[in-house]
Amino acid sequence: MKKNVILFICCFFMQQAYSQTVIMDSVFHVVSAVSGSEKGINGNFTMNENLNSLFANFNVTSYEQVYPFAKTRQLQKVYELTCDCEIDSLIEQMQTTYSGYFESYRKIEYENIAMYEPSDWLWTSEKNGWLWYLTKIQADQAWDITTGNPNIIVGVIDTDFDITNPDLTSEILLNYDPYQPSLIHTCVNGYSHGTAVASLVSGQTTETGVTSSSQLASIGFNTKMLCYRAWVGNYLARALHASTVMGVEILTSSAGGWYTCPDPTGIDQLVVKEILDNGTTIIMPAGNGSGTHNFCAEVDPINHTAFFPLSPYYDERIILISSTGQDDKHQFITSGGGNGTHSHYPDVDLCSPGYNTFVATSTNCGSTPWPYSSNANGTSFASPIVAGVASLMYSVNECLTPSLCQDILKNTTDPIVDAQNFPNGVGTGRVNAFKAVKAAQGSYSADLDLYIKDRPEDFGNEITPYTWTWDFDESPDIWVRNQNDGLINQIHQEPEYQSSTPVYVYVKVRNKSCVNSIGTEKVDLHWTKASSMTSWPQNWDGTVPTVGNLIGSNTIGVLAPGEETILVFTWNILNPYVNQNWASCLMARIVNSSTDLITIHPNHAELDVYNNNNVALRNVTVIDIAPGIANPIGNVGGIYYPNGKYIYIGNPNDLANDFNFTFSSRNEDLLTTFAQVKLIFDQAGWDLLKDKFTDNENFRVLQPREVIVLNDSAYIRNVSFPANKRIPVFVGLSFYSDYEDLEKSFTFDVRQYSDDNTILYGGEHFVINKSTRAPFSADAGNDKVIDYGDNVVVSAVQISENAIYNWYDPEGNLIFTGEDMSISPEMTIKYKLELIA
């Protein structure tokens, strides 16, 4: 570990992105002409700093490819530019001072198309005021896709419902409790919790151009409701009745239930299972308070749990909702001035607006008050909003299941501003109705369609599965375990070699279609040495078994609509001590189907993965850095190989090409602050790449073949690779001794792009789990004073374990490896000692 004598201060500027719709009067199209005008990386508009400065001065808001998937090179060079500026002045600057960067210019006029607008007064009068929460979740954009289907029914179990409220009169299908027919209520004295909840699910919302008979708009729009009165004794019976007898698609409840512990007879759990197996999605509030409530301490006395019986303790498919406010914070200053923090604990799936929501309430039995309230606070009012979103999702995807509904809701959320204050307590974020409905629509398939996720946001849509430049090789549906426990522990591990003992690979397959699978479909699982770019089938098919091969083939069996299964493979990995310490990549392919076929893109495996939902990659290496874990390589040929793995970078295809490479840490990890990240090349690779590292401020060359990554966002550009030329790179990490007590996980990515950054070919992703260990430091002993021309031996103070002692001159060049160094300086020189254990 290095004893630093120079302090580098790095400043990182971050921008919070919010999803919103901006209607542009005009935009600007340009065709890039020279290197540097193409799309930049790591938040930069372009690859050229002068252009970036120009764009910043003119408040440019976006600079994106117009045709990223075009085969024609000229179309790939077309970019769309928008700005918050006088766009003609920007065009003039680009045509004069910056004319050499672009081939042509074109101003485009777009017609203004407004988002869907209901005619309800509370929406039209002050859209961003009374009903702020609908704007926040992008309800109007969701309504552009669907305004719901009256055949989609939400069951609501709550207190009394006032069916005389104008926003509920036409929205509740029956005026009585369907389980025990009795009048729900024609009017309610005082505030009605059930009325408020129902109005948020699907209060009457009126089409544009039609005179509204009510005031409120709600997310569910045309969705209808069945309402049950929540009495504790038959609460669960009402829930089962709503699902099994009445066939509701969604069930939500903010009242009733019980605080007692899990039913020892197992009956409650069977009821919950039947409801979910019917295809009914259950959406429940997390509760109100600081998160310290615990309705059943013996279940989890530390993390707490939701109340029973509709609890994820029984079935993880139940969707649990907590709250956010108008500022997208979980902790919110209420209208009364106090701090409001609704419940947060690990069972929570996501959040929804739940502070100062506008709801319908009691009509007070014949009098004519204003039957609305603007300050409804609680997760009781967050969960019905999500239930309304789910109803829109069901209206565009009749094959939706509770699992898929939960998956989409959780993976289409927007960020919660203060989520870091509630770790593992507020789910994935705040609900976004537009994203969720769009994803549900894209995942619909009437014909057989089996799929494996490429990434969490992948719901099986093969046309626009996710953003093109996102990593596609971190499939959450493929994971490795070193023991056969992967059905329970679905956390990916690095495969560890043990003689004659296999590791286990798990592959999850999902049926997102409306029909059963045949049952003869199979998954072929392949491995290859990890690479930032790959090509199918070379390196995967066993032609060179030490480079890649088929691991096995498993039959999937019959999967019903919405069903999923996990297949288990055994894999005898290569001995890393014989075959070097290589990272591995896994590819799963669903084969043997006559209808659900794979489209092959020769020389472009990234397109095979992106455009086929039945092909998935797992290119993730896990490095555990902790005392007692052996390093398979160590010191070889005068170079120390720290904890790490070999990967390939280069060109696996038949034509020569130029590429860009990035080396970056993720999630504000600041990895290079805590650790030395080292790249080591063989001689052929060094000869090819050394010019890219020389005088590159992102790297420091220690000696030939050995490079240190200095920044958390480092890159090399325009690297020319001959056809079928790949080079090995060792990526290793050594944590500085100042951080030996650090316990944290980091992610470090090596990615390969086209030379204009328009195509992401792939990458290798390192998850580094840093554990604590006893601290140590590099000590070079006392200063030495000698006469001119004399020799002197400087000695490192040894530590009580095997270690590498590296000595550097003032310029940072490695000059000696060993404990004792003999030198004869001609003048005063300060040397630096690096100690690696």
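Look a little higher up for the structure.
Residues numbered from 1 in each chain as written. Predicted model: local features only at pLDDT ≥ 70, side-chain atom pairs only at ≥ 80, totals over all residues. Heavy atoms only, no water.

When helices and strands are counted, the protein chain shows 15 helices and 39 strands. Burial analysis of the protein chain (837 residues in total) assigns 54% to the buried set. Partitioning the contacts of the protein chain with sequence separation of at least 6, the portion at a separation of at least 24 is 73%. Summed over all atoms, the accessible surface of the protein chain reaches about 35,300 Å², with 50% contributed by carbon and sulfur. (Helix = DSSP H or I, 4+ residues; strand = E, 2+ residues; numbered from the N terminus. Buried < 20%, exposed > 50% of the residue type's maximum accessible area, 1.4 Å probe, protein only. Contact = heavy atoms within 4.5 Å. Areas by Shrake-Rupley, 256 points an atom, 1.4 Å probe, with all protein chains shown as cover.)

Once that is clear, we can look at the packing of helix α10 (residues 379–396) against helix α11 (residues 402–410). When two helices pack together, their arrangement is given by the angle between the helix axes and the distance between those axes. α11 packs onto α10 with a crossing angle of 115° between their chain directions and a minimal axis gap of 11 Å. When the axes of α10 and α11 are compared, the pair comes out roughly perpendicular. Here the hand of the crossing between α10 and α11 comes out right-handed. Contacts from Val386, Val389, Ala390, Met393 and Tyr394 of α10 reach α11 at Pro402, Cys405, Ile408 and Leu409. Residue classes in the contact of α10 with α11 are distributed as nine nonpolar, no polar and no charged. (Axes fitted to C-alpha atoms, helices over the stretch in contact; angles between N-to-C directions. Parallel < 35°, antiparallel > 145°, perpendicular 65-115°, else oblique. Left-handed = near helix turned anticlockwise from the far one by under 90°. Nonpolar A, V, L, I, M, F, W, Y, C, P; charged D, E, K, R; others polar.)

Right, let's talk about the packing of α10 against helix α12 (residues 433–442) for a bit. Following both chains from N to C, one finds α10 and α12 inclined at 25°, their axes separated by 8 Å at the closest point. Taken together, the axes of α10 and α12 lie roughly parallel to each other. As α10 packs across α12, the resulting crossing turns out to be right-handed. Mapping the contact onto sequence places Val389, Leu392, Met393 and Val396 in α10 and Ala433, Ala436, Val437, Ala440 and Gln441 in α12.

Tallied over the entire structure, the rule returns 25 salt bridges. With its nearest N and O atoms 3.0 Å apart, the salt bridge here joins Asp277 to Arg317. Of the two residues, Asp277 sits in helix α9 (residues 267–277) while Arg317 sits in the loop between β8 (281–285) and β9 (319–324), which places them 40 residues apart along the sequence. Assessed through its relative accessible area of 44%, Asp277 is described here as partly exposed. The partner of Glu706 in a salt bridge is Lys678, and the shortest N-O contact between them spans 2.7 Å. Of this pair, Glu706 sits in strand β30 (residues 706–709) while Lys678 sits in strand β28 (residues 675–681); the two residues are 28 residues apart in sequence, bridging distant segments of the chain. (Salt bridge = Lys/Arg side-chain N within 4 Å of Asp/Glu carboxyl O.)

Right, let's talk about the environment of Ile556 for a bit. Along the chain, Ile556 falls in the loop between β19 (548–555) and β20 (564–571). Here Ile556 falls in the buried class, since its relative accessible area comes to 8%. Sequence separation between Ile556 and Val509 is 47 residues, and the spatial gap between their C-alpha atoms is 7.8 Å.

Here four strands make up an open sheet; going across it, the order is β19-β18-β21-β22 and the pairing antiparallel. Two strands bound the open sheet, and with one partner strand each, they are β19 and β22 (615–618). Averaged over all pairs of adjacent strands, the angle between their axes in this sheet comes to 20°, without regard to strand direction. Alignment of strand β21 (residues 584–591) against β22, held across four bridges, turns out to be antiparallel. In the strand pairing of β22, Leu586 is matched with Arg618. (Pairing = 2+ DSSP bridges.)

So, on to the state of the cysteines. Enumeration according to the criterion identifies one disulfide in this entry. With a sulfur-sulfur separation of 1.4 Å, Cys399 is cross-linked through a disulfide to Cys514. Disulfide Cys399 to Cys514: torsion about the S-S bond roughly 75°, handedness right-handed. In this pair, Cys399 sits in the loop between α10 and α11 while Cys514 sits in the loop between β17 (503–511) and β18 (522–529), placing the two residues 115 residues apart along the sequence. (Disulfide = S-S within 2.5 Å.)

This next bit is on the environment of Asp682. Within the secondary structure layout, Asp682 lies in the loop between β28 and α15 (683–693). Along the backbone, Asp682 and Ile727 are 45 residues apart, and their C-alpha atoms lie at a distance of 7.8 Å. Excluding anything up to four places from it in sequence, Asp682 contacts Arg705 and Pro728. In this structure the side chain of Asp682 is engaged in a polar contact, spanning 2.7 Å, whose partner is the backbone nitrogen of Gly685. (Polar contact = N/O pair within 3.5 Å; in protein donor to acceptor, adjacent residues only side chain to side chain.)

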